[in-house]
Amino acid sequence: MTEEEVNGGEEPTEDTAQEDPVAAAEARAEETWNQSLRARAEMENLRRRAERDVAQARQQSLERMASELLAVKDSLEMGVQAASEAGADVEKLAEGAELTLKMFDQALDKFNIVALEPLGEKFDPEAHEAMAAQPTDDAEPNTVISVIQKGYQLGDRLLRPAMVVVAKAPEPST
């Protein structure tokens, strides 16, 4: 039997759909399930795309940094080669080393890497590593009086703390 015969030759109407609420609920549930699957697939695609974009950005950043550092390496190799030649001019070698250091500093600047030079500042355990405490009258206690090794910061992130000598109050003489 067809639906027309069941309904007396009439086409199905909304009334007949309302008469079968289970079928209507199942149809809505099926549609909701399909929407959920599509949304989940789209979210997964977005996640993969974001991971790929982050990996590409990281790779491009590394390539730019490596390119800058290769120029510094080339300069160092030329300096070593010049130093190994007979009768190498020490002044020219020193000048070449200074220029290479300047190139390196420029490369660090391009990538927002900043040297921490805390001489005369209050000791900060977040940015400094105290290697020694030295009694002195020339500076307030807990002040950096000597920098053994500079620290470096990338943006707001500490790459390496500065190694410092900190002033301490002189021992009272007896």
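See the structure above.
Per the counting criterion, the structure on display carries eight salt bridges. Ionic pairing is found between Glu68 and Lys110, a salt bridge with its closest N-O pair at 2.9 Å. Remark: Lys110 occurs in helix 4 (residues 90-110) and Glu68 occurs in helix 3 (residues 21-84); sequence separation between them is 42 residues. According to the relative accessible area criterion, Glu68 is partly exposed, its value standing at 24%. Its relative accessible area of 55% is what places Lys110 among the exposed residues. One salt bridge in this structure joins Glu77 and Lys73, with 2.2 Å as the shortest N-O distance. Taken as a pair, Glu77 and Lys73 lie in helix 3 at a separation of four residues, close to a single helical turn.

This part covers the packing of helix 3 against helix 4. Between helix 3 and helix 4, the least distance of the axes is 9 Å, while the angle of their chain directions is 170°. For the element pair helix 3 / helix 4, the angle class is roughly antiparallel. Across from Glu68, Leu69, Ala71, Val72, Ser75, Leu76, Gly79, Ala82 and Ala83 in helix 3, the residues of helix 4 making contact are Leu93, Thr100, Met103, Phe104, Ala107 and Lys110. Looking at side-chain class alone, the contact of helix 3 with helix 4 contains ten nonpolar, three polar and two charged residues.

Cut-offs applied
Residues numbered from 1 in each chain as written. Predicted model: local features only at pLDDT ≥ 70, side-chain atom pairs only at ≥ 80, totals over all residues. Heavy atoms only, no water. Salt bridge = Lys/Arg side-chain N within 4 Å of Asp/Glu carboxyl O. Helix = DSSP H or I, 4+ residues; strand = E, 2+ residues; numbered from the N terminus. Buried < 20%, exposed > 50% of the residue type's maximum accessible area, 1.4 Å probe, protein only. Axes fitted to C-alpha atoms, helices over the stretch in contact; angles between N-to-C directions. Parallel < 35°, antiparallel > 145°, perpendicular 65-115°, else oblique. Contact = heavy atoms within 4.5 Å. Nonpolar A, V, L, I, M, F, W, Y, C, P; charged D, E, K, R; others polar.

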